[in-house]
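Reading the structure
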Amino acid sequence: QLLIGEIELRSGRAANAYEVMLDAARRQGDEALYQRAVEIALQARAGEQALSAVQAWRRAKPQSVAPLRYQTQILIALNRYQDLADPIAAWLALAEGSERPGLIGSLPRLLQRLPDRADALATGERLLAPYREQPATRTASRVALGQLMQAAGRGADALALARQAAAD
């Protein structure tokens, strides 16, 4: 089945290759096959198919971080910002303790693409609520929220958070 999928892709039939690879991924439950199905869809510029493959991957492997990364990137590429909160929240929850502060630090870059800065701030506040008072993520959360506040025109609040972060 894998060979057939790759032959289909090399023959210019990306849609067929995607279907074959996704079917193989579902049958085997193999993350590498799910990833390959996503990559085939992305190569064919079929964003909705890539998103569908990622969602199947998430259902099959709910403890895996990789499909959450892909889903976030695909949703951004598709300008579906309203759907970002779920995969980011799951990604934060599944991230290793040592990786979580870095992920929190990247959150303002992910959310800056939202067309409404106030909405980006509200989303960030919701996503970071569970991490704002945890010792390992408190500083990163405050810095990230401060950046979102600054972007939303709430400079005084951002400064107060920066002072709290510096005091940690």
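See the structure above.
Residues numbered from 1 in each chain as written. Predicted model: local features only at pLDDT ≥ 70, side-chain atom pairs only at ≥ 80, totals over all residues. Heavy atoms only, no water.

Okay, the nonpolar core next. With 51 residues, the main nonpolar core has Val38, Ile88 and Leu92 as its most contacted residues. The leading source of residues in this core is helix α2 (residues 14-28), at seven residues. Apart from the residues lying within four places of it in its own chain, the contact partners of Leu92 are Arg100, Leu103, Ile104, Leu127, Leu128 and Tyr131. (Core = buried A, V, L, I, M, F, W, Y, C linked by side-chain atoms within 4.5 Å. Buried < 20%, exposed > 50% of the residue type's maximum accessible area, 1.4 Å probe, protein only. Helix = DSSP H or I, 4+ residues; strand = E, 2+ residues; numbered from the N terminus. Contact = heavy atoms within 4.5 Å.)

In total, this model carries two aromatic pairs according to the counting rule given. With 5.7 Å between their ring centres and 45° between their planes, Trp57 and Tyr70 make a pair best called tilted. Placement of the pair is Trp57 in helix α4 (residues 47-60) and Tyr70 in helix α5 (residues 66-77), with a sequence separation of 13 residues. Judged by its relative accessible area of 17%, Tyr70 is buried. Through successive ring pairs, a cluster of aromatic residues spans Tyr34, Trp57 and Tyr70. (Phe/Tyr/Trp six-rings, centres within 6.5 Å; stacked < 30°, edge-to-face > 60°.)

Looking at the secondary structure, you find Arg142 in helix α9 (residues 138-151). If we skip the residues at most four places from it in the chain, Arg142 touches Arg132, Glu133, Leu161, Gln164, Ala165 and Asp168.

Among the residues of helix α1 (residues 2-10), Gly5, Glu8 and Leu9 are the ones counted as buried. Within α1, the buried residues cover an arc of 100° as seen down the axis, which keeps them to one side. Turned more than 90 degrees away from the buried face of α1 sit Leu3 and Arg10, all of them exposed. Close packing links the buried residues of α1 with α2 and α3 (31-43). In the stretch just after α1, Gly12 is the one whose phi turns positive, near 85°. (Arc of directions from axis to C-beta.)

Across all of its chains, the model carries nine salt bridges by this definition. For the salt bridge of Asp23 with Arg27, the shortest nitrogen-to-oxygen distance reads 2.8 Å. Of the two residues, Asp23 and Arg27 are both situated in helix α2; the distance of four residues between them amounts to about one turn of the helix. Under the relative-accessibility criterion, Asp23 is labelled partly exposed at 27%. A salt bridge links Asp83 to Arg80; the nearest nitrogen and oxygen atoms lie 3.0 Å apart. Since its relative accessible area comes to 28%, Asp83 is described here as partly exposed. Connected via shared salt-bridge partners are Glu6, Arg36 and Glu39. (Salt bridge = Lys/Arg side-chain N within 4 Å of Asp/Glu carboxyl O.)

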